[in-house]
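# Working through the structure, step by step
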Amino acid sequence: MARLSTHVLDTAHGRPARGMSIRLYCCEGETRRLLKTATTNQDGRTDGPLLSGEQIPAGVYELIFCVADYFGSQAIPFLGEVVVRFGVEDPAGNYHVPLLVAPYGYSTYKGS
């Protein structure tokens, strides 16, 4: 079974990023289509996969993490939204997109 998941860690506080809003889009040329919205749970994960099934359509996707809303309290935040654009090549594959984030920086990678 194919699936797409994410995990957000708050590296500024050394804990999972609970309560962060996330949007998933499918990108088709210049057009983006919203597929799902989710909020991270106490483990910094969504309650279920963002996508799952026999196959995930190959293509380009975007995960948008609402970082400024999560960290709050800054009049003009350095990071507002973190956009991670990635490709799905294998429709039967498992894709995991972790985000390590702090108010002034982030990193991501292809997880397992």
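A brief structural summary. Not measured: the values here are computed from a predicted model.

### As for the overall build of the protein chain
From N to C terminus, the protein chain includes 1 helix and 9 strands. The order of α-helices and β-strands along the protein chain, N terminus first, is β-β-β-β-β-β-α-β-β-β. Computed over the C-alpha atoms, the radius of gyration of the protein chain is 14 Å, within 12% of the 13 Å expected from 2.2 N^0.38 for a compact globule of 112 residues. C-alpha extents for the protein chain along the principal axes are approximately 40 × 30 × 20 Å.

### A look at the pairing of strand β1 (residues 2-10)
With 7 of its 9 residues buried, β1 lies for the most part within the structure. Summarising the sheet, β1 and strand β8 (residues 94-102) pair through 8 bridges and their orientation is parallel. Paired with S5 across the strands is H96, a residue of β8. By the bridge criterion, 2 bridges tie β1 to strand β2 (residues 15-16) in an arrangement that is antiparallel. Looking at β2, one finds that D10 is bridged to R15. Hairpin geometry of β1 and β2 is characterised by an intervening segment of 4 residues between the two adjacent antiparallel strands and by a positive phi of about 65° at G14.

About the cut-offs
Residues numbered from 1 in each chain as written. Predicted model: local features only at pLDDT ≥ 70, side-chain atom pairs only at ≥ 80, totals over all residues. Heavy atoms only, no water. Helix = DSSP H or I, 4+ residues; strand = E, 2+ residues; numbered from the N terminus. Rg over C-alpha atoms; globule rule 2.2 N^0.38 Å. Buried < 20%, exposed > 50% of the residue type's maximum accessible area, 1.4 Å probe, protein only. Pairing = 2+ DSSP bridges.

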